Amino acid sequence: MPSFSYSPIDRNALIRSDITQVNEFLQDSQSRILIWYQGKLVKTKDKRLYFLFEEIVNLTHSLSEPVYLGRHESLNYFAYQLNHWHPDFDGLELVNLRQASLTVSDYHLGLLYHSQGILNWHSNHPFCSQCGSRTRVINAGHGRQCENSECGREHYPRVDPAVIFSIINNSGAESKILLARKSIWDEYRHSVIAGFVEPGETLEDAVKREAYEETGLKVDNIRYFDSQPWPFPGQIMLGFSCETDQWETELVDQELESAQWLSASEIEEKINTAKLKMPFRASISWLLIDHWFKQQSGYSVDT
Ligand SMILES: [Zn+2]
C-alpha cells in the first residue's frame, strides 16, 4: 500500500505552551521559516523554501503570528502568513502548493501541507464563534482564544473529513475504472469521485452516498486505501476503493460534467492521443488510479 505525505518531523506539541522555549527556537539562527502569501509559498532570493530568522526579523509587522511546526534533526521549523506585502519581497518567486509539490521530498511536503492548513485556519477564524469578539493566537500558533474576558473560549484548528474513492467494475471482460470530470477543470482532466462526510455518517456510508449522488451507482466492497491532508482550506482526504457491477451511470446531483468507464489500455490510448489528463502526481486521486492501473498493466500510469 502506498504511503502518502509521510513526514518524519516531530511536531513537538508538548512545548507549544512554553512561550520562552518557542521564542528561543524561533530566534535560533538555524531555524527554518516558511512564508505564505495569499495561498502561495514565497521562495527566498536564491530559491530556497525556507527563510532564516535574520532575513525576516525586520519584517515582522508585515507578518502574522508565527506557527511552530516542529523539529527535525535539531532544526526547528516555523511558518508565517505575509499579511501585507513588503518591498523586501519584491521580485521573489511565489509558488502554489501543487507547483512546490513537484520538486520537494515527502518530508518537505508534509511541512507545506501542515503550514498551509493551519495558516488557512487562522485566516478564516479571526472572531470567536461563541460571542463574536476578536480572538488571539495561543499555543505557538496551534489555537486561538477569545479576547472577551467574560467568554475566553479557546478554539482549535478543525479538519474537515472528505472521502475520495475509485469505483471499479470487474463484471465485464476486463476491469474498468470510472473516471469523471467537472466542467471547471481544464480540458480532458479527469479524476475519481470525492465528497464531504456529513455529521453522523460513517466513512463507508459517505462513500456509498456520494457514489450514488454523483454517478447513480450503488457500490460495495469499500476498502480503505490511504489518506492525504488537503489544506484547501482544511480538509483531510480519506481514500477508498469500491466496486459495482452496474455499468449505467446517472449524474444525479449534476456535480460532474461526465463520467466514463475506462480499461487500463483505453486510459493509455487516450493519454497517448492527448484526450485524457490525469490528476497531478502528488495527489491521492492519482495514487488511487495508479494503484488499480498497475494491477492491470504491471506499470505506472503516465500523467
Ligand atoms: Zn468569545
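No experiment lies behind these values; they were computed from the predicted model shown. (Residues numbered from 1 in each chain as written. Predicted model: local features only at pLDDT ≥ 70, side-chain atom pairs only at ≥ 80, totals over all residues. Heavy atoms only, no water.)

## Observations concerning the overall build of the chain
Here's step 1: Regarding its fold elements, the chain presents seven helices and 14 strands.
Here's step 2: Structurally, the chain occupies a C-alpha span of about 65 × 50 × 35 Å along its principal axes.
Here's step 3: Each of the 303 residues in the chain was classed as buried or not, and the buried ones make up 49%.
Here's step 4: In the chain, once contacts between residues fewer than 6 apart in sequence are set aside, the share between residues at least 24 apart is 61%.
Here's step 5: Carbon together with sulfur atoms contributes 47% to the accessible area of the chain, which is approximately 15300 Å² in total. (Helix = DSSP H or I, 4+ residues; strand = E, 2+ residues; numbered from the N terminus. Buried < 20%, exposed > 50% of the residue type's maximum accessible area, 1.4 Å probe, protein only. Contact = heavy atoms within 4.5 Å. Areas by Shrake-Rupley, 256 points an atom, 1.4 Å probe, with all protein chains shown as cover.)

## A closer look at the sheet that holds strand S7 (residues 143–146)
Here's step 1: The sheet built from three strands is open, its strands ordered S6-S7-S8 with antiparallel pairing. Only two strands of the sheet have a single neighbouring strand rather than two, namely strand S6 (135–138) and strand S8 (154–155).
Here's step 2: Note that S6 and S7 share four bridges and pair antiparallel. When the sheet's bridge partners are listed, Thr135 is paired in S7 with Cys146.
Here's step 3: Contacting S6, S7 and S8, helix H4 (residues 106–124) runs over the sheet at an angle of about 15° to S7. (Pairing = 2+ DSSP bridges. Axes fitted to C-alpha atoms, helices over the stretch in contact; angles between N-to-C directions.)

## Topic: the domain arrangement of the chain
Here's step 1: According to the domain assignment, the chain contains domain 1 (13–124) and domain 2 (160–297).
Here's step 2: Computed over C-alpha atoms only, the centres of domain 1 and domain 2 are separated by 33 Å.
Here's step 3: Carbon and sulfur atoms supply 66% of the area that domain 1 and domain 2 bury against each other, a total of about 750 Å² over both sides.
Here's step 4: On the domain 1 side of the interface with domain 2, the three residues burying the most area are Arg98, Tyr113 and Asn120, jointly 61% of the side's total.
Here's step 5: Viewed at the interface, domain 2 and domain 1 are joined by three residue pairs in polar contact (both at pLDDT 80 or more).
Here's step 6: Broken down by element, the side of domain 1 that touches domain 2 gets its largest block of residues, five residues, from H4.
Here's step 7: Classifying every residue of the side of domain 1 that touches domain 2 by side-chain character gives two nonpolar, five polar and one charged. (Domains from an automatic or database assignment. Buried area = accessible area lost by both parts, 1.4 Å probe. Polar contact = N/O pair within 3.5 Å; in protein donor to acceptor, adjacent residues only side chain to side chain. Nonpolar A, V, L, I, M, F, W, Y, C, P; charged D, E, K, R; others polar.)

## As for unusual backbone geometry
In most cases, non-glycine residues show a negative phi, while peptide bonds are predominantly trans.
Here's step 1: Cis geometry is found at the peptide bond from Phe232 to Pro233, where omega equals 5°.
Here's step 2: Mapped onto the elements of the fold, Pro233 is located in the loop between strand S12 (220–230) and strand S13 (235–243).
Here's step 3: In this model, Ser74 sits at a positive phi of 70°, which is unusual for a non-glycine residue.
Here's step 4: Looking at the element boundaries, Ser74 is found in the loop between strand S3 (67–72) and strand S4 (75–81).

## What about the sheet that holds S4?
Here's step 1: Strand order in the open sheet made by the five strands is S3-S4-S1-S2-S5, with mixed pairing throughout. Pairing within the sheet leaves two strands with one partner each, and these edge strands are S3 and strand S5 (94–95).
Here's step 2: Here strand S2 (residues 40–42) runs beside S5; their pairing, made up of two bridges, is antiparallel. Bridge assignment links Val42 to a residue of S5, and that residue is Leu94.
Here's step 3: Sitting on the sheet, helix H1 (residues 19–27) touches strand S1 (32–37), S3 and S4, and the angle it makes with S4 is about 90°.

## Quick word on the environment of Arg32
Here's step 1: With respect to the secondary-structure elements, Arg32 resides in strand S1.
Here's step 2: Looking at Arg32, the relative accessible area reads 25%, which means it is partly exposed.
Here's step 3: Along the primary structure Arg32 and Phe78 are separated by 46 residues, whereas in three dimensions their C-alpha atoms are 6.3 Å apart.
Here's step 4: If near-sequence neighbours (up to four positions away) are discounted, Arg32 is found in contact with Tyr50, Phe51, Leu52, Leu75, Asn76, Tyr77 and Phe78.

## Some details on the environment of Ile35
Here's step 1: You can see Ile35 is positioned in strand S1.
Here's step 2: It is 9.6 Å that separates the C-alpha atoms of Ile35 and Gln116, two residues lying 81 residues apart in sequence.
Here's step 3: Apart from the residues within four sequence positions on either side, Ile35 is in contact with Lys40, Leu41, Val42, Phe51, Ile56, Leu63, Tyr80, Leu82 and Phe89.

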